[in-house]
Every structure is written in C-alpha cells, then in structure tokens.
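# Architecture at a glance
The primary structure of each chain is shown beneath.
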Amino acid sequence: QYSALAYLADISVYEPNKMLWELIPEENRQSYTAYWLQHRVDSLKPYALGEPAFDFTYADASGKEVSLSDFQGQYVLVDFWASWCGPCRQEMKNLLPLYRELRGEDLEFISISLDNREQDWRRMLEEEKLPWVMLWDPEGFTAGNEPNTIQKAYGFYSIPFMVLIDKEGRILERNLRGEEVRRAILR
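All values derive from a computational prediction rather than experimental measurement. Counting starts from 1 at the beginning of each chain's written sequence and moves along it residue by residue. Under the rules for a predicted model, residues below a pLDDT of 70 receive no local features and side-chain atom pairs below 80 are neither given nor counted, while totals for whole chains, interfaces and linings still include all residues. To obtain the side-chain values, all non-hydrogen atoms of the structure were included, while hydrogens and water were left out.

### A closer look at the pairing of strand E4 (residues 107-113)
The element E4 is largely enclosed, with a buried count of 7 among its 7 residues. Here's how the labels work: a residue is buried when its accessible area is under 20% of the maximum for its type, exposed when over 50%, partly exposed in between, all with a 1.4 Å probe on protein chains only. Helix and strand definitions follow DSSP, with helices as H or I runs of at least four residues and strands as E runs of at least two, each counted in order from the N terminus. Residues Leu 107, Phe 109, Ser 111 and Ser 113 line one face of E4 and the alternating positions Glu 108, Ile 110 and Ile 112 line the opposite face, and both faces are buried. The pairing criterion is simple: DSSP has to find at least two bridges between the two strands. Bridge count for strand E3 (residues 75-81) against E4 is 7 bridges, and the pairing is parallel. Counterpart to Val 76 in the pairing with E4 is Glu 108. In terms of strand pairing, E4 meets strand E5 (residues 133-136) through 4 bridges, oriented parallel. Within E5, the position partnered with Ser 113 by the bridge is Trp 136. Seen with the strands pointing away from the viewer, any crossover whose path from the first strand over the helix to the second strand runs clockwise is right-handed. Handedness of the E4-helix H5 (residues 118-128)-E5 crossover: right-handed.

Shown next, in the form of structure tokens:
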C-alpha cells in the first residue's frame, strides 16, 4: 500500500507524497490509509515547489521593516537560524563566499533569526558582521508542539532551514544545506 510506504518512510515533502497518492487506484481511494495520505498531500501543498512563498515582514537591525515582497523580481535565498544553533552559524559562514561570488541585481540573501531574545540576535550580528539582509522574528523558535507563524508558513520544525524563492515569489527549492545551496542558485 502506497500510504504505508509514505508513513513508514516518513516522507514529509509534497511531491513524493502526491506521486504515491496518484499511484493508488481510484477504487482504493476510499480506504482509511488512502484518506490519511490524501490529508498529508493536502497539508503539504502550501510548501510545494512552485507555490507562492509566504510574504513575511520583519525589522532589520536599524528598525526598518523589510518584506519578502520588497525583492520581487529577484531570486531570494531565505535562511532561518538562531544564534544558539551551531549548525546554523556554520551554514551562515558557508554562505559568505557564495554571497560574495553570486550576489547581484537578481539575487538577495535574507537571514531571519528565530532567537527568543533580540539581544542574542544583535550580539550575533556584531560577532559575524554578515553583509546581507538580517531580520529578527520576535516570535522566536518554537521547538514544541505548536510552531510559530513563520515555521507554519514554510513548514519547518528544525533549523537551519533555507528556502530559495524565484523572481515571481514562488518556492523554487526548500530545505537546502551546504553545496545544495550553490546548485539550486546556479541551476
């Protein structure tokens, strides 16, 4: 059964779940397991590649409000992180040479801190001095059962989490790490 495969493999991405749903014969789609898979497909649809990205607005270090829609017409790499997250900080350091190499008229990087305290975010800004757009989400990171607004909007529960948005504001790639970032931008 395709639903069991999706469940056991813990596939949490829209595209493979939809493919498995479509493999279920029409006459078997009324079963409980098929219903479960259809619900999973429906719940993952907002994060699917090609779907419109959630248009957030947060303040930068100077207090200026910055929205994703401000960058319409550009590719945008959005990085979700927190100062206490070692892998997040390492990913940001890995982004620096990529930013210097590829930054241009049609590509922008935005890092959104999910620190629970603004002072922790500001301390990291001073320590790292990264040259791209740095924003802070005052809701902070929610590791418990109820994710915060931005986590729900982009469908992630752990950090670091990066998503590439195309020039029309649609999700092009998600859950990028390491060399995947370069490949996604250059494709």
